[in-house]
Amino acid sequence: MLTRIITGIVGIAAAATIITKGGLVFTAAVFLLSLIAWHEYYKMAANKGHHIYPLTSGLGSMLIVAMAGLGYYAEMEQVFTLAFALMLAVIFFILSAIEGLWRHCHREGENWLLDTGLSAWAMLYCGLLFAHVIVLRSFDGGPHIDLGFRVFEYGEICLWVVLLGTWASDTFAYFFGRAFGKTPFCRVSPKKSFEGAVCGFVGCFITVMFLSILCLGVPLWQACLLGAAVAVFAPIGDLVESIIKRSFDIKDSGNIFPGHGGVLDRFDSLLFTAPVVYYVLMFISIFSYIQF
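In this text the structure is predicted, and so the values were computed from the model without any measurement. What you see as residue numbers is a count from 1 along each chain, following the sequence as written. Whole-chain, interface and lining totals are the exception, using all residues; otherwise, since this is a predicted model, local features are given only for residues with pLDDT of at least 70 and side-chain atom pairs are given and counted only at 80 or more. Side-chain numbers here rest on the full set of heavy atoms in the structure, without hydrogens or water.

**A closer look at the overall build of the chain**
Okay, step 1: Going along the chain from the N terminus, every DSSP run of H or I of four or more residues is numbered as a helix, and every run of E of two or more is numbered as a strand. Within the chain, the secondary structure is distributed over ten helices and two strands.
Okay, step 2: Mapped in sequence order, the helices and strands of the chain form the string α-α-α-α-α-β-β-α-α-α-α-α.
Okay, step 3: By its C-alpha atoms, the chain is 65 × 50 × 35 Å across when sized along the principal axes.
Okay, step 4: For the exposure calls, accessible area comes from a 1.4 Å probe over protein chains only, and a residue counts as buried if that area is under 20% of its type's maximum, exposed if over 50%, partly exposed in between. Looking at the chain residue by residue over its 292 residues, the buried ones come to 46%.
Okay, step 5: By definition in these notes, contact holds between two residues if any of their heavy atoms fall within 4.5 Å. For the chain, long-range pairs separated by at least 24 residues make up 71% of all intrachain contacts whose partners lie at least 6 apart in sequence.
Okay, step 6: Note on areas: Shrake-Rupley with a 1.4 Å probe; residue coverage comes only from the protein chains shown. Of the roughly 15,100 Å² of accessible surface on the chain, 72% is carried by carbon and sulfur atoms.
Okay, step 7: Only four residue types enter the charge count: Lys and Arg as positive, Asp and Glu as negative, with His and the chain ends excluded. A charged residue contributes its charge at one atom only: NZ of Lys, CZ of Arg, CG of Asp or CD of Glu. Distance between charge centroids for the chain: 10 Å, based on 17 positive and 19 negative side chains.

Quick look at the structure:
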């Protein structure tokens, strides 16, 4: 437990520094996390004898994240950044099918559909979803926000709201689940309880709603929409990573964070909440523009 607490404190301090810096520092950090996450996925799949294609899946993941970082650094319109990222995803999806065909023709016994599907999923999971963390940090849907002790960029505040909401979801679900949990929630993760899931949802929803009103200055209905988005998709991201690990017969995706596991173990919820919240914010911006 002590190791877990120390790692958590160091991790929060590092995250705060990197998010505050933004720019190339933030992009490089997300790129590194994406690379490590893909390698964790690669090793987990190899544990069950599956082949993840490094040439197309690995390279595709890195290029997608790099494209998001380039758009951030060059202050490119986000619609173009996302268009180029999606273009890379489609191109490397097709290339992964071709690489799979080549491997299937030259190596007997490989399951082309399974290996190609797992490779494509790795590219989207570790590439496209991580890219949205950068896109959310660079989101410019509002003015800079002065919270008294420092002026924050709008995207920076948005990312903090998502992170704090995601952590609230995990924390409320864990502690209330341990204290009051009796009803199994999902066989994918037997230790999780329905009571813990409900408390996680409520705690996350209230946290995000409060922070959205206080820090982003949005109306109540928008705060509720953001709160619901994080509260619903944070546990879904956690369950998806859990079923991936169970499918590969692995307890933790890695051990880079002592007491916490790997990158995928720590960022599983964020990989779902960051993209969803980004598109919710886009919807709110478009709606506000139409109303105006």
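After that view of the structure, there is still more to cover.
**Observations concerning the side chain of Glu 99**
Okay, step 1: With respect to the element layout, Glu 99 can be found in helix H4 (residues 78–106).
Okay, step 2: In this view, Glu 99 contacts Tyr 53, Pro 54, Leu 55 and Thr 56; residues no more than four positions away in its chain are not counted.

**Topic: a nonpolar patch on the surface**
Okay, step 1: Patch building starts from residues that exceed 30% relative accessible area and form no salt bridge, then joins like charges within 9 Å and nonpolar side chains (Val, Leu, Ile, Met, Phe, Trp, Tyr) within 5 Å. What makes a salt bridge here is a side-chain nitrogen of Lys or Arg within 4 Å of a carboxyl oxygen of Asp or Glu, nothing more. Nonpolar side chains collect at one region of the surface, where Val 79, Phe 80, Phe 84, Leu 86, Met 87, Val 90, Ile 91, Phe 93, Ile 94, Leu 95 and Ile 98 lie side by side and expose about 1,000 Å² of accessible area between them.
Okay, step 2: Tracing the sequence through the fold places Val 90 in helix H4.
Okay, step 3: The partly exposed category is assigned to Val 90, whose relative accessible area is 44%.

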